[in-house]
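# Summary of structural features
Listed below, chain by chain, are the residues.
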Amino acid sequence: MTSIGTGYDLANSIFSPDGRNFQVEYAVKAVENGGTSIGIRCKDGVVLAVEKIITSKLLKPGANKRIATVDRHLGVVYSGMVPDGRHFIERARDEARAWRDTFKTPISTADLASRMGGYLQAYTLYQSVRPFGITAIIGGFDSPAELPVDGEVGSGPACGAGGKVAGKTHGGPFLYMIEPSGLYWGYYGAATGKGRQAAKAELEKLDLGGPGGPALTLEQAVKEAARIIYLSHDESKDKEFELEMTWISGPDGPTKGLHQEVPKELREEAERLAKKAMEADEEDEGKEEKMEE
Amino acid sequence: MFRNNYDNDSVTFSPQGRIFQVEYAAEAVKQGSVVVGIASKTHAVLVAIKRNAEELSSYQKKLFPIDEHVGIAIAGLTSDARVLSNFMKQQCLGHRLTYGRNIPVRTLVEMIGSKAQINTQHYGKRPYGVGLLVAGVDDHGPHLFEFQPSGMTEEMIAFAIGARSQMARTYLEKNVAKFADCDREELIRHGLRALKESLVQDRELTVDNTSVGVAGSVKADDGSVKVEPFKVYDGQDVAAWIESVADDKEGGASAGEGEGEGMEVDS
Amino acid sequence: MDHRPQAWGRPRDDVYGPYDASYLQTSGPKTATQSPVVTGTSVIAIKFKDGVVMAADNLASYGSLARFTDVKRLRPFLSTSVVGFGGDVSDMQYLDRHLTELAIDEAYEHESSAAGTSGGAPGGQLNAANLHKYLSKLMYRRRNDFDPLWNQVLVAGFDGAGKPFLGSVDLRGTAFAAPSLASGFGAMLAQPIMRRHAATDADAAALSREQAVQIVRDCMKVLFYRDARSLDRYSLAVVTRDGVEISEDERLEQQSWAFAERVRGYGTQVV
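Residues numbered from 1 in each chain as written. Chains lettered and ligands numbered in written order. Predicted model: local features only at pLDDT ≥ 70, side-chain atom pairs only at ≥ 80, totals over all residues. Heavy atoms only, no water.

## Let's talk about the overall build of chain A
The line we're drawing: Every helix listed is a DSSP run of H or I at least four residues long, and every strand listed is a run of E at least two residues long, numbered separately from the N terminus. Restricting the calculation to C-alpha atoms gives the radius of gyration, and the globule rule supplies 2.2 Å times the number of residues raised to the power 0.38. Here, two residues are considered to be in contact whenever any of their heavy atoms come within 4.5 Å of each other. All accessibility values rest on the Shrake-Rupley procedure with a 1.4 Å probe; residue burial counts only the protein chains present in the view.
From N to C terminus, chain A includes 6 helices and 10 strands. For chain A, whose C-alpha radius of gyration is 21 Å, the value lies close to the compact-globule estimate of 19 Å for 293 residues. By principal-axis analysis of the C-alpha atoms, chain A measures approximately 65 × 60 × 40 Å. Taking as baseline every contact in chain A between residues at least 6 positions apart, the subset at least 24 positions apart corresponds to 69%. Surface accessibility of chain A: about 13,900 Å² in total, with carbon and sulfur atoms responsible for 52%.

## Some points on the UniProt feature "domain: Proteasome alpha-type subunits" (unreviewed entry) in chain A
Our working rule: UniProt positions are given in the numbering used here, feature names are shortened, and annotations may be inferred rather than shown by experiment.
UniProt annotation of "domain: Proteasome alpha-type subunits" (unreviewed entry) refers to residues 8-30 of chain A when read in the numbering used here. For residues 8-30 of chain A, helix accounts for 39% and strand for 0%, while the C-alpha atoms at its two ends are 19 Å apart.

## Quick word on unusual backbone geometry
Residue and element names in this part refer to chain A. This is how it is decided: Exposure classes here rest on a 1.4 Å probe applied to the protein chains alone. A residue is buried below 20% of its type maximum, exposed above 50%, and partly exposed in between.
We note that Ser 13 has phi near 75°; this positive angle belongs to a residue other than glycine. For Ser 13, the position within the fold is in the segment before α1 (22-32). A relative accessible area of 25% places Ser 13 in the partly exposed class. Of note, Asp 71 is a non-glycine position whose phi angle comes to about 50°, a positive value. Mapped onto the secondary structure, Asp 71 falls in the loop between β3 (68-70) and β4 (74-80).

## Section: the interface of chain A and chain C
Keep this limit in mind: What counts as buried area is the accessible surface, traced by a 1.4 Å probe, that two parts surrender upon association, with contributions from both included. Within this document, salt bridges are pairs made up of a side-chain nitrogen of Lys or Arg and a carboxyl oxygen of Asp or Glu, the two lying within 4 Å of each other. N or O atoms within 3.5 Å of each other form a polar contact, as long as, within protein, one can give a hydrogen and the other can take it, and as long as residues adjacent in sequence are counted only when both atoms are side-chain atoms.
Listed as interface residues are 22 residues of chain A and, on the opposing side, 19 residues of chain C. Roughly 1,700 Å² is buried in total at the junction of chain A and chain C, and carbon and sulfur atoms are behind 48% of that figure. Viewed at the interface, chain C and chain A are joined by 2 salt bridges. Across the pair Arg 97 of chain A and Glu 101 of chain C runs a salt bridge whose closest N-O atoms are separated by 3.1 Å. Here chain A is connected to chain C by 7 residue pairs in polar contact (both at pLDDT 80 or more). Within the residue set of the side of chain A that touches chain C, elements represented by two or more residues are β3 and α2 (82-103) of chain A. The leading source of residues in the side of chain A that touches chain C is α2 of chain A, at 4 residues.

## A few points about the nonpolar core
Quick reminder of the rule: In this description, a nonpolar core means a group of buried Ala, Val, Leu, Ile, Met, Phe, Trp, Tyr and Cys residues linked to one another through side-chain atoms lying within 4.5 Å.
Ranked by size, the top nonpolar core spans 49 residues in total, and within it Val 36, Leu 172, Phe 179, Leu 192 and Val 212 of chain B carry the most contacts. Counting residues per element, this core draws most heavily on strand β2 (residues 43-49) of chain B, which supplies 6 residues. The next biggest cluster of nonpolar side chains, apart from the first, holds 28 residues, and it includes Cys 42, Ala 191, Leu 243 and Met 245 of chain A.

## Structural notes on the environment of Ser 181 of chain A
Relative to the elements of secondary structure, Ser 181 of chain A occurs in the loop between β6 (172-178) and β7 (184-186). Polar contacts involving the side chain of Ser 181 of chain A include one to the main-chain amide nitrogen of Leu 183 of chain A, which spans 3.2 Å.

## Section: the interface of chain A and chain B
In this assembly, 35 residues from chain A lie in contact with 35 residues from chain B. Overall, the association of chain A and chain B removes approximately 2,700 Å² of surface from exposure, summing both partners, and the carbon and sulfur fraction of that is 57%. Together, Leu 58, Pro 83 and Arg 130 of chain A form the three largest contributors to the area buried by chain A at its contact with chain B, with a combined 27%. Run the count over chain A and chain B and you get 2 salt bridges. Residue Glu 155 of chain B is joined to Lys 60 of chain A by a salt bridge in which the shortest nitrogen-to-oxygen separation is 3.3 Å. Here chain A is connected to chain B by 14 residue pairs in polar contact (both at pLDDT 80 or more).

## Considerations on the pairing of strand β8 (residues 158-161) of chain B
All names here are of chain B. Put simply, the rule is: Strand pairing is defined by DSSP finding a minimum of two bridges between the two strands.
Of the two faces of β8, the one lined by Ala 158 and Ala 160 and the one lined by Phe 159 and Ile 161 are each fully buried. By the bridge criterion, 4 bridges tie strand β1 (residues 35-39) to β8 in an arrangement that is antiparallel. Residue Val 35 lies in a different strand from β8, and its bridge partner there is Ile 161.

## Considering the sheet that holds strand β7 (residues 153-155) of chain B
Residue and element names in this part refer to chain B. What counts here: Angular values range over 0 to 180 degrees, each being the angle between N-to-C directions of two axes fitted as lines to C-alpha atoms, with helices fitted over their stretch in contact.
Within the open sheet, the 5 strands sit side by side as β3-β4-β5-β6-β7. Their pairing is antiparallel. Because the sheet does not close on itself, it has two edges, and the strands there are β3 (63-67) and β7. Here the average twist between neighbouring strands, direction ignored, is 25°. In the sheet, β3 pairs with strand β4 (residues 70-76) via 4 bridges, with the strands oriented antiparallel. When the sheet's bridge partners are listed, Pro 65 is paired in β4 with Gly 71. Its contacts with the sheet put helix α2 (residues 78-99) on β3, β4, β5 (130-138) and β6 (141-147), and the angle it makes with β3 is roughly 25°. Seen against the sheet, helix α3 (residues 105-118) touches β3, β4, β5, β6 and β7 and runs at an angle of roughly 10° to β6.

## Section: a negative patch on the surface
As a reminder of what qualifies: Patches in this entry comprise residues that are over 30% relatively accessible and not in a salt bridge; like charges within 9 Å are linked, as are nonpolar side chains (Val, Leu, Ile, Met, Phe, Trp, Tyr) within 5 Å. His residues and chain termini do not enter the charge count, which takes Lys and Arg as positive and Asp and Glu as negative. Charge positions are represented by NZ for Lys, CZ for Arg, CG for Asp and CD for Glu.
Among the surface-exposed residues, Glu 235, Glu 279, Asp 281, Glu 282 and Asp 284 of chain A lie close enough to one another that they form a single negatively charged patch. Within the secondary structure layout, Asp 284 of chain A lies in helix α6 (residues 264-286).

## Concerning the pattern of salt bridges
One pass over the structure, following the stated rule, counts 42 salt bridges over all chains. Residue Asp 181 of chain B pairs with Lys 41 of chain B through a salt bridge whose shortest N-O separation is 3.0 Å. Of this pair, Asp 181 of chain B sits in the loop between α4 (165-175) and α5 (184-197) while Lys 41 of chain B sits in the loop between β1 and β2, placing them 140 residues apart in sequence. Per residue, the accessibility class of Asp 181 of chain B equals that of Lys 41 of chain B, and both read exposed. In this structure, Asp 234 of chain B and Lys 50 of chain B form a salt bridge, with 2.9 Å as the shortest nitrogen-oxygen distance. With Asp 234 of chain B in the loop between β10 (225-233) and α6 (239-244) and Lys 50 of chain B in the loop between β2 and β3, this residue pair connects regions lying 184 residues apart in the sequence. Under the relative-accessibility criterion, Lys 50 of chain B is labelled buried at 8%. One salt-bridge network, in which partners are shared between bridges, spans Lys 60 and Arg 86 of chain A together with Arg 106, Glu 110 and Glu 155 of chain B.

## Topic: the confidence of the model for chain C
For clarity, the threshold we go by: Per residue, pLDDT captures the predictor's confidence, and it can take any value from 0 to 100.
In the predicted model, chain C carries a mean pLDDT of 90, and 94% of its residues have values of at least 70. The ipTM for the predicted assembly is 0.90, set against a pTM of 0.90.

## Section: the side chain of Asp 91 of chain C
Residue and element names in this part refer to chain C. As for its placement among the helices and strands, Asp 91 is situated in helix α2 (residues 89-113). Here the side chain of Asp 91 touches Trp 150 through a polar contact of 2.8 Å, landing on its backbone nitrogen. The residues touching Asp 91, leaving out its near neighbours within four places in the chain, are Pro 148, Leu 149, Trp 150 and Asn 151.

## A word on the side chain of Glu 250 of chain C
Residue and element names in this part refer to chain C. Relative to the assigned elements, Glu 250 resides in strand β13 (residues 243-251). Under the relative-accessibility criterion, Glu 250 is labelled buried at 16%. A polar atom in the side chain of Glu 250 sits 2.7 Å from the side chain of Arg 217. Aside from chain neighbours lying at most four places away, what touches Glu 250 is Arg 217, Asp 232, Arg 233, Tyr 234 and Leu 236.

## Concerning helix α3 (residues 109-122) of chain A
Because an α-helix completes one turn every 3.6 residues, residues spaced three or four positions apart along the sequence face the same direction. Selection rule: Helix span, as expected, comes to 1.5 Å for every residue beyond the first.
Over its 14 residues, α3 of chain A runs 20 Å from end to end, which matches the ideal 20 Å to within 8%, given 1.5 Å per residue. Contacts from the buried residues of α3 of chain A go to β3, β4, α2, β5 (134-142), β6 and β7 of chain A.

## Focus: a nonpolar patch on the surface
Together, Tyr 19, Tyr 23 and Leu 24 of chain C make up an exposed nonpolar region whose accessible area comes to about 350 Å². Here Leu 24 of chain C shows up in the loop between α1 (13-16) and β1 (38-40).

## Comments concerning the packing of aromatic side chains
For clarity, the cut-off: Each Phe, Tyr or Trp ring, with Trp reduced to its six-membered ring, pairs with another whose centre is within 6.5 Å; inter-plane angles below 30 degrees give stacked pairs, above 60 give edge-to-face pairs, and intermediate values give tilted ones.
Under the counting rule described, the total for this entry stands at 14 aromatic pairs over all chains. Centroid distance Phe 20 of chain B to Tyr 24 of chain B: 6.1 Å. Interplanar angle 45°. Geometry classified as tilted. Remark: Tyr 24 of chain B and Phe 20 of chain B occur in helix α1 (residues 20-31); sequence separation between them is 4 residues, near one turn of the helix. You can call Tyr 24 of chain B partly exposed: its relative accessible area is 33%. Seen in terms of ring centroids, Tyr 225 of chain C and Trp 257 of chain C are 5.0 Å apart; in terms of plane orientation they differ by 80°. Their pairing is edge-to-face. Here Trp 257 of chain C lies in the segment after β13 and Tyr 225 of chain C lies in helix α7 (residues 209-226), a separation of 32 residues in the sequence.

Below, the structure written as C-alpha cells:
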C-alpha cells in the first residue's frame, strides 16, 4: 500500500490502517540520503567511521567533526540530518551527566543506548514533534576495572568488595545502532546511510561474531573500516569525501579506555591501504595487467 | 507557486525525507543582500553590501559586533538575526563572567545551531529566516562559520550568503588556496572583490553601501598572541579599500558565468 | 508506656520525666549544611620558577577525632591544574564530582574547537585562572543561597599568559591570587614562612622546584607540630607546564618533638 495521498502520512504519530507510522518511515528516508556511517566492534575495542561528503570547496578541511564523544568512553556517529545529530549528541551528553549525578559512575554503553532509544521513541508519539532524521551508532568501552566511585576520597576497606564470581570479567567493547523509530539493537558491525548495503555486505565478511568472540583486532578494524567507507562511496553520484574515524580501546589499549580520534598516521595508512584495495579490485574485474608491487 | 501537502509546518517529513519549511526558510536567506567572509591564519574578515529602501533612507546594517572577539554578518530576516545576535551576546558575556575568558567561537556557533534545530522539530515554531556568517578569533586562531536556518553550522575557509552569492562563492573557490597566507589588507580586498562579483550590472561598491568587519590574532615571534578586537568599518573608513579594488581585474571577472540560484532580488 | 512512633527511641516519660520537645523544634531557618562535619585542615601552596607546589595532609577529622587517614585532598583538573580542598569533606566530594563533569564538558568543546588547527595546538582549554574564576562564582552563588560549600579551595596551575597561577576561594566566595597561599591553620603558621621566601611574584620566580618543595615540606612539619587536627602523612602536588604530578603517600621525615618540652602557656602547666 502506498502512503502518499492517503492522508495517513501527513502527521506524526498517526497509524495507517495497516499499522504503520509513515512519518517515521519518511524520517528513515532522510537517513538514507546521508553519508555512510559504520561501527565495528572487535576483540579489543570499537571503531567508528563516517564518510563526510564535501559539499563545498570552501569548507575548512578537517574542521567539521561528525563523530562526537559522550562522557569519556563513548562515541556517537550518525547519518542523516546533521542538526538533528547535534541535538542527539547533546541529549546523550546530558544523559551521561545525569547518570553520573545519580550513580557516581560512568554510564554503560547499553544504558546510554537504552536512554537514547527511549528519547527517540518519544519523538514518534506526538503530532507536535517530528521524528529524528538520523540513525545513530553508539560505540563504547565499558571499563572492566573496578572503578572508584566519583568523588571518592579514600581507599575504603582494604579487603575489597565481596560477592564476586572468580574469573568473571566485566565490561568490554559494545556497539549499538538506534533508528528514528527509537528501535535499537546491539551489533557486531553496524552500517547506515547512503552506502549501507555495500557496507553491510563487507561487514558480514569480517570475523566479528565468532563463538570465541570477535577475532579482529582494533588496528585491523581501523583498516577494514577505512576500506569499507572507501568501497561504499559512490564516486559517480557524489563528489569527494573526507574520512573521519575514531576508536575506543580498553584501559590497556592505545586509547586507555577513552574515545579518541584515530591518530593521523594510522588513518592515513588505513586510507592508503583502502585505496590500494580499491585499485586491486578494479584490476581484478578488468583482468588487466598486474600492478607494480 | 507549487504547493504540496508536506510544506505546511516544520514537523512534517515529505515522502523523500525532506522538510520543506526548512528549505523555504533557506530561501529567505537568499532574499537578503550578499555578505562575504574569509579567514586567514591571522585574520577573519566580513564584508557586506548594505541596502537602502529608497534614495533618501538610511542603509540597513549588515555587520554586528557580538563580543570583543566575534562579529556576525547577516542575510535574511533582520529581526530574526537580532534574536540570535542578542542570544550570542548574552552567551559571550555569561562565559566571560564565569570563566574570565573569551568564549571559543565554535562553542558559540554550536549554541545557535542547537537553538535553531529546536525550531525545526516542534509544531508551532518556525525556523529562523536568516543565515549568518560568524567571524571571530580564539585561542585556536581566527575562524569563520556559516549558520543556516536548518541549524547546520560549518567552519569555512571563506563563504558568501545572500542574493546572487553564488558569483561571490565562485570567486572565493577560485582563490581559496591563497587565503590562508593573506595579510589583513589582502584579505579585505579579496572580500571586496568577491562582493563585486555579486553586484548586478551598473552597480558598484560605494562608501555608503559597503561594510567591512575585521578580527585578528597575530602571533608574535616570542609566542605571545596579539588580538585585534572585532571592529566594523563603514563610510569613509572603507573608502581606501574600495578604491584599492576599483577596476581591478585580479581573480578574473567571471562575467556570464553561472547565474547562481537565479534569484535576483537586488535591483 | 507510650507506643506512638514519635516516642520511639526516646527516654521513657514515666522513668525520666517528660521529654523536652523544644530540642525537636522544626521552625526557624534551615541550617542543614551551614556547618562542616567531617573536615580537612590546611592546604598550602607556593609558586616557583616553572610552576606551583601544593600540599595537604591526608586526614579527615570528625570533630577532634582523626576519622579517616587516607583522604586525598589534592585533585588534578584536566592534567593542567590542581585543586586543593580544606574544610568539609562531603562538600569537597561534591565539588570534585562537579569538576569532573566540568572537565568532561571542557573536553567536548576542546575536541571540536581544536579540530582543523595545525598540530592540535595546545591552549584553549580551561586554565587554572579560568577555573579559579569559575569556582569563585560557584562559591559566591552558594553563599548567597545560604547554602555554602564549606570549603577553602586553592587552585594551582597557569594563567592565560602561561605564567604560574595560584588562587584561593573560600566559602564566602572571597577570591584572590598570591605568590603563596595557605588555608586554615596554615594561614597563621605556614604563610609567614612561605612569605619569607616568596613575598612577591618576582621572589617566587627565583625559586627552583627543589627549593619550593623543601619550603612546603618544612611548612607541613610546622603544621603537624602545631595543628592538633593534622597528620604526618600528606599529599604533595607539583604543577609544571609538563603536567601535574601528585604523590599521595608522603611522610614527615625526621620529626623532633624535643621542642615540645619547652612549649609553655597551655594545658595544666603553670608557666
